[in-house]
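The chain contents come next:
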Amino acid sequence: MLGGMFDLRDRFETADGSRPDATVLPQRVEQEIPLPAFTVLAGGDVFDAGGKPSGPGLARAADYVAQKVTITAHAGTDAHVERIRRDIVRLLAGHDRLSLRLMGQKPVDVEVVPDNAQLSTIGFPPRISSRAAGLFWDRPDWDRARIGLSARHLETEPALVFHEMGHAVHYLAFTARERELIYRVLRPTFGSRAAMDEVFAIYTERELLGQAFAKEQQRAPGVYGFTRRQWDENHLFTRFARKLYFPHKPLAGDKGKAAGDAWRKFSGG
């Protein structure tokens, strides 16, 4: 399915395709805490930084989790809590500016729930898909954003925390202009906001796990399987995601190809 044709049949995390509201950062943050990855999407020059991750990256990620993230195990164990904490730190440790941006945002509550729990009874939207292993949600009137995670899926899905925290980064760590740059690139292929949000989270998974998607992941319905089957080192969005999470790493893709040309090849079945 191409050209904006992903719709409610694609089994998004919410059954009606609804999305959380963004708590966007003010425009000035782009100058105060710049993210060079957005130069990739804006069509400007981008360079290999080389070297090692920035020194404070790990410490700032750990500080963010300690100060801004609360993890509650309604179901699950202390091991689940530690896994979530470790995965969030790992997601942010490669780029200290992500932690700096998130420190200026509302806190995040992460809740581990039984598989048969109705998240709507504890404040999540009522139309959550029965297939959803996790969910990020936020509303302007909430003091804290929220992530719900299935205890069983935490045991079987190594990308689950990265996926849902990827949604948190997308909704909390960017300005309105930056989020629109993401949508401008994705919209011609994916169309709906729900689909584009999932693409961002799936590319987050791939960068953090650093390994090919398993065959069963590639067979997932709708946008989930399509994006994982089509992932390629030469995609513009791969270059963006790597520069976002790991700016010290070499640029993704064939350096001899124009990034825009490479992205247009993201169109198979």
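Now for a quick tour of the structure. No experiment lies behind these values; they were computed from the predicted model shown.

### Considering helix H3 (residues 57–68)
Between its first and last C-alpha, H3 extends 16 Å over twelve residues, near the 16 Å set by a 1.5 Å rise per residue. Listed in full, the buried residues belonging to H3 are Gly-57, Ala-61, Tyr-64, Val-65 and Lys-68. An end-on view of H3 places all buried positions within 105 degrees of arc, on one side of the element. Seen from the buried face of H3, the exposed residues on the opposite side, beyond 90 degrees, are Leu-58, Ala-66 and Gln-67.

### Topic: the environment of Thr-72
Inspection of the secondary structure puts Thr-72 in strand S1 (residues 69–73). Thr-72 sits 39 residues away from Glu-111 along the chain, and the two C-alpha atoms are 4.8 Å apart.

### Section: the packing of helix H4 (residues 78–93) against helix H7 (residues 160–172)
Close contact between H4 and H7 brings their axes to 9 Å; oriented N to C, the two are set at 55 degrees. By the angle between their directions, the pair H4 and H7 is classed as oblique. Of the two elements, H4 crosses H7, and the hand of that crossing is right-handed. Residue-level contacts link Arg-83, Ile-84, Asp-87, Ile-88, Arg-90, Leu-91 and Leu-92 of H4 to Leu-160, Val-161, Phe-162, Met-165, Gly-166 and Val-169 of H7. In the contact of H4 with H7, the residues fall into nine nonpolar, one polar and three charged.

### Structural notes on the pattern of salt bridges
A full pass over the atoms with the stated rule returns 16 salt bridges. The salt bridge involving Arg-83 is made with Asp-87; its shortest N-O contact spans 2.6 Å. Here Arg-83 pairs with Asp-87, and both are found in helix H4, just four residues apart, close to one helical turn. Of the two residues examined, Arg-83 and Asp-87, each falls in the buried class. For Arg-144, the salt bridge identified is with Asp-109, shortest N-O distance 2.7 Å. Here the residue Arg-144 occupies a position in the loop between strand S3 (134–137) and strand S4 (145–150), and Asp-109 occupies one in strand S2 (residues 108–113), the gap between them amounting to 35 residues.

### Re the nonpolar core
Counting 66 residues, the largest nonpolar core has Phe-237 and Phe-240 as its most contacted members. Of the residues forming this core, the biggest block, eight residues, is contributed by H7.

### Side note on the environment of Ala-93
The residue Ala-93 is located in helix H4 in this model. With relative accessibility at 17%, the residue Ala-93 sits in the buried group. Ala-93 has contacts with Gly-57, Leu-58 and Ala-61, leaving out every residue within four places of it along the chain.

### So, the packing of aromatic side chains
Counting across every chain of the model gives nine aromatic pairs. Geometrically, the ring pair formed by Phe-174 and Phe-200 is edge-to-face, given 5.9 Å between the ring centres and 80 degrees between the ring planes. Taken together, the residues span a long stretch of sequence, with Phe-174 in the loop between H7 and helix H8 (176–190) and Phe-200 in helix H9 (residues 193–209) at a distance of 26 residues. Here the two residues Phe-174 and Phe-200 agree in accessibility, since each one is buried. What links up through ring pairs into an aromatic cluster is the set Phe-38, Phe-174, Phe-200, Tyr-203, Phe-237 and Phe-240. Positioned over the ring face of Phe-246 is Lys-249, at 4.1 Å from the centre of the ring.

### Focus on the side chain of His-80
With respect to the helices and strands, the residue His-80 is situated in helix H4. Residue classification places His-80 among the buried residues on the basis of a relative accessible area of 8%. Of the polar contacts made by the side chain of His-80, one reaches the backbone nitrogen of Thr-77; its length is 2.8 Å.

### Quick notes on the sheet that holds S1
Pairing within the open sheet is mixed, and its four strands lie in the order S1-S2-S4-S3. Looking at which strands have only one partner, the edges of the open sheet turn out to be S1 and S3. Neighbour-to-neighbour, the strand axes of this sheet turn through a mean angle of 15 degrees, independent of strand direction. Against the sheet, H3 engages S1 and S2, with an angle of about 65 degrees to S1. Packing against the sheet, H4 makes contact with S1, S2 and S4, and its axis sits at approximately 155 degrees to S1.

What counts as what
Residue positions are given per chain, counted from 1 along the sequence in the order it is written. Where local features are concerned, this predicted model is filtered to residues with pLDDT of at least 70; where side-chain atom pairs are given and counted, the filter is 80 or more; whole-chain, interface and lining totals use all residues. The side-chain numbers reported here are obtained from all heavy atoms of the structure, hydrogens and water having been left aside. To qualify as a helix, a DSSP run of H or I must reach at least 4 residues; to qualify as a strand, a run of E must reach at least 2; elements of each kind are numbered from the N terminus. In a helix, the anticipated span is given by 1.5 Å times the number of residues less one. Between buried and exposed lies partly exposed: a residue is buried under 20% and exposed over 50% of the maximum accessible area for its type, with that area taken using a 1.4 Å probe on protein chains only. Working note: the arc is built from the helix axis to C-beta atom directions. To get an axis, a line is fitted to the C-alpha atoms, and for a helix only the part in contact is used. The angle between two axes follows their N-to-C directions and goes from 0 to 180 degrees. For this classification, under 35 degrees means roughly parallel, over 145 means roughly antiparallel, 65 to 115 means roughly perpendicular, and everything else is oblique. What makes a crossing left-handed is the near helix being turned counterclockwise from the far one by less than a right angle; a clockwise turn instead makes it right-handed. We call two residues contacting when some pair of their heavy atoms lies within 4.5 Å. Only Asp, Glu, Lys and Arg are considered charged, only Ala, Val, Leu, Ile, Met, Phe, Trp, Tyr, Cys and Pro nonpolar, and every remaining residue, Gly among them, polar. Each reported salt bridge corresponds to a side-chain nitrogen of Lys or Arg within 4 Å of a carboxyl oxygen of Asp or Glu. Working definition of a nonpolar core: buried Ala, Val, Leu, Ile, Met, Phe, Trp, Tyr and Cys residues. They are joined through side-chain atoms within 4.5 Å. Aromatic rings from Phe, Tyr and Trp, with only the six-membered ring used for Trp, were paired whenever their centres fell within 6.5 Å, and each pair was classed as stacked if the ring planes differed by under 30 degrees, edge-to-face if by over 60, and tilted otherwise. Any Lys NZ or Arg CZ found within 6 Å of a ring centre and within 35 degrees of that ring's normal is scored as a charge over the ring. Counting of polar contacts relies on pairs of N or O atoms within 3.5 Å, with two restrictions inside protein: one atom must be capable of donating a hydrogen and the other of accepting it, and residues adjacent in sequence are counted only when both atoms are side-chain atoms. Whether two strands pair depends on DSSP finding at least two bridges between them.

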